[in-house]
Amino acid sequence: MIQRQINRMRQQLTTYHRSQDVTDLLTEDLLAADQQVDIMKRVAHLVGKRLTSCMQGPASSDMDKRLKKLALMSLSLAMADCMKEIESESSLRRTLEMGCCVEGSLAQALAEYEMNMERDVLQPLNKLSEEDLPTILKHRKQLQKLLTDWNNARTRLLQAQKNMSASPGGGSAVTPPKLEGLKEEEEELRRRLDQSKDDYLSDLYQFSSKEPEYENYFIRFLELQADYHKKSLGHLTEALGELRDTLKDSGQVTVKQSPADVYGVPLTTHLSRFGCEIAVPISACVKILLMYGMHEEGLFRLAAGASVLKKLKARLAAGASDLSEFMSELHAVAGALKSYLRELPEPLMTSELYSDWMKAASIKEAEKRQESYREVLQKLPAENYNNLRYLIKFLAKLAEQQEVNKMTPSNIAIVLGPNLLWAQSEGDTSVIDIASASPILVVNVVEGLISCATDVFPGGKMDLIAVCMHAVALLLVHYVRECMSAA
């Protein structure tokens, strides 16, 4: 487009002495061509300014000075300082060491990227906006001024010639010497105008020929940016792979854990993430309660302190299985277990089998009711069945001490039943119809399972024995620690 404007302007300038409207025509095309120059100057200035603000290191400095000013390098040095205070064999030290190295590599890659961008993009853009294009615009102003001066001189010359023609007898104020002077002035301005025209056209042609070069500045910027991110990703990927391999070789398992990985997630998801058969809150709480809580009065019925319960849930959420520090907060342990069961998205006994449980609880004859319970239990997913069996056998063991702890199968079912089974009423009219009777029936179901745990859960005797043995082992360890502390 700009090439066509330059060619048209050149033709007009070549024939300006034959045109009465040359000033208007020339000015129009000059403005059209100058708009392209102005646009490019603005683009180069604004983009260069924004790119400079994106740089994290100081401009026009060497590699060492840039690195010292980068936040990534400061982070690497901070990690290096922290490592000095950690034991050499600690896994945390190895992790920090890897982090220190990779952050240093990222800083190096960033410094190289910024130096290349400054050399290949910023400096050419600054030269374009501050030197090259202003020179073109300066020549354009000079051309416009000469065009105006020549037009005024030409007007004066034409007017003088007209006056002399109108007064052939010599009555005109214009003398031949004066007319000759006007002609010389007009010719001199025309010569200078030709020279200025050639200079300006040369500038515009050169500008037009370099448009692909200007485009390459922005292409080069994107190439540098892509290469920088590629290198950074490579450093991070390599470091993470090496770190995972190191932890794997040392026998450590890296599991992304947060409270959401334990509380409030599906049972199968939790078991898969922690690689266990019994959910961590269930197994950990049962172990500590077997050790210290069997004679605790009102277990699961009396509320614990909110702060202690919050701390305990956070420990469980991190995958902790040893809760010996909470042996004096048994109601908090029971509360954490009850909270886990209630926060499951799907009840441990499943909403899908809610109607089946209600029908089984409605059977009056004891033997048929137990048989119906066994049939419903067989419909449970394996994960739910294993965890329910583990929990019910513990609750049956707790109920054996009811004379001391005051927790009969009925009392346990009243406080825990609603946390083990509830209705999923959406779109299920049969569940809504029995809603009024459901609380009592849920308690009856859980009470029945606790009272006849041995009958409805055949086999699996060793699981609770193993728990008891583990509890005794923890108790012995705790006793030895107390003795050593006292010594």
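Structure first, text after, so check above.
Residues numbered from 1 in each chain as written. Predicted model: local features only at pLDDT ≥ 70, side-chain atom pairs only at ≥ 80, totals over all residues. Heavy atoms only, no water.

Draft legend 1. Helix α13 (residues 366-379), seen in detail. The end-to-end C-alpha distance of α13 is 20 Å, a good match for the 20 Å that 14 residues give at a rise of 1.5 Å each. Every buried residue of α13 is accounted for by S372, Y373, V376 and L377. On an axial view of α13, the arc spanned by its buried residues comes to 140°, and they lie on one face. Turned more than 90 degrees away from the buried face of α13, the exposed residues are E367, K368 and Q378. (Helix = DSSP H or I, 4+ residues; strand = E, 2+ residues; numbered from the N terminus. Expected span 1.5 Å × (residues − 1). Buried < 20%, exposed > 50% of the residue type's maximum accessible area, 1.4 Å probe, protein only. Arc of directions from axis to C-beta.)

Draft legend 2. Here's a closer look at the pattern of salt bridges. Following the criterion strictly, the structure yields 18 salt bridges and no others. Between E343 and K313 there is a salt bridge, with its nearest N and O atoms 2.9 Å apart. Here K313 lies in helix α10 (residues 306-317) and E343 lies in helix α11 (residues 330-343), a separation of 30 residues in the sequence. Here E343 falls in the partly exposed class, since its relative accessible area comes to 34%. Where E365 meets K368, a salt bridge forms, and the shortest distance between an N and an O atom there is 3.7 Å. Here the salt bridges share partners, and the residues they tie into one network are R119, D120, R220 and E223. (Salt bridge = Lys/Arg side-chain N within 4 Å of Asp/Glu carboxyl O.)

Draft legend 3. Quick look at the packing of helix α12 (residues 354-361) against α13. Between α12 and α13, whose axes approach to 9 Å, the crossing angle comes to 170°. Judged on the interaxial angle alone, α13 and α12 are roughly antiparallel. Pair α12 / α13 crosses with left-handed handedness. Between α12 and α13, the residues in contact are D356, W357, A360 and A361 and R369, S372, Y373, V376, L377 and K379, respectively. In the contact of α12 with α13, the residues fall into six nonpolar, one polar and three charged. (Axes fitted to C-alpha atoms, helices over the stretch in contact; angles between N-to-C directions. Parallel < 35°, antiparallel > 145°, perpendicular 65-115°, else oblique. Left-handed = near helix turned anticlockwise from the far one by under 90°. Contact = heavy atoms within 4.5 Å. Nonpolar A, V, L, I, M, F, W, Y, C, P; charged D, E, K, R; others polar.)

Draft legend 4. Region of interest: the environment of L201. As for its position among the elements, L201 is in helix α6 (residues 176-209). On the basis of relative accessible area, L201 is assigned to the buried category, the value being 4%. When the C-alpha atoms of L201 and I136 are compared, they prove to be 9.4 Å apart, with 65 residues separating the residues in sequence.

Draft legend 5. Representation of the packing of aromatic side chains within the structure. This model, assessed by the stated rule, comprises five aromatic pairs. Judged by centre distance (6.2 Å) and plane angle (45°), the ring pair of W357 and Y373 falls under tilted. Taken together, the residues span a long stretch of sequence, with W357 in helix α12 and Y373 in helix α13 at a distance of 16 residues. Residue classification places Y373 among the buried positions, given a relative accessible area of 1%. (Phe/Tyr/Trp six-rings, centres within 6.5 Å; stacked < 30°, edge-to-face > 60°.)

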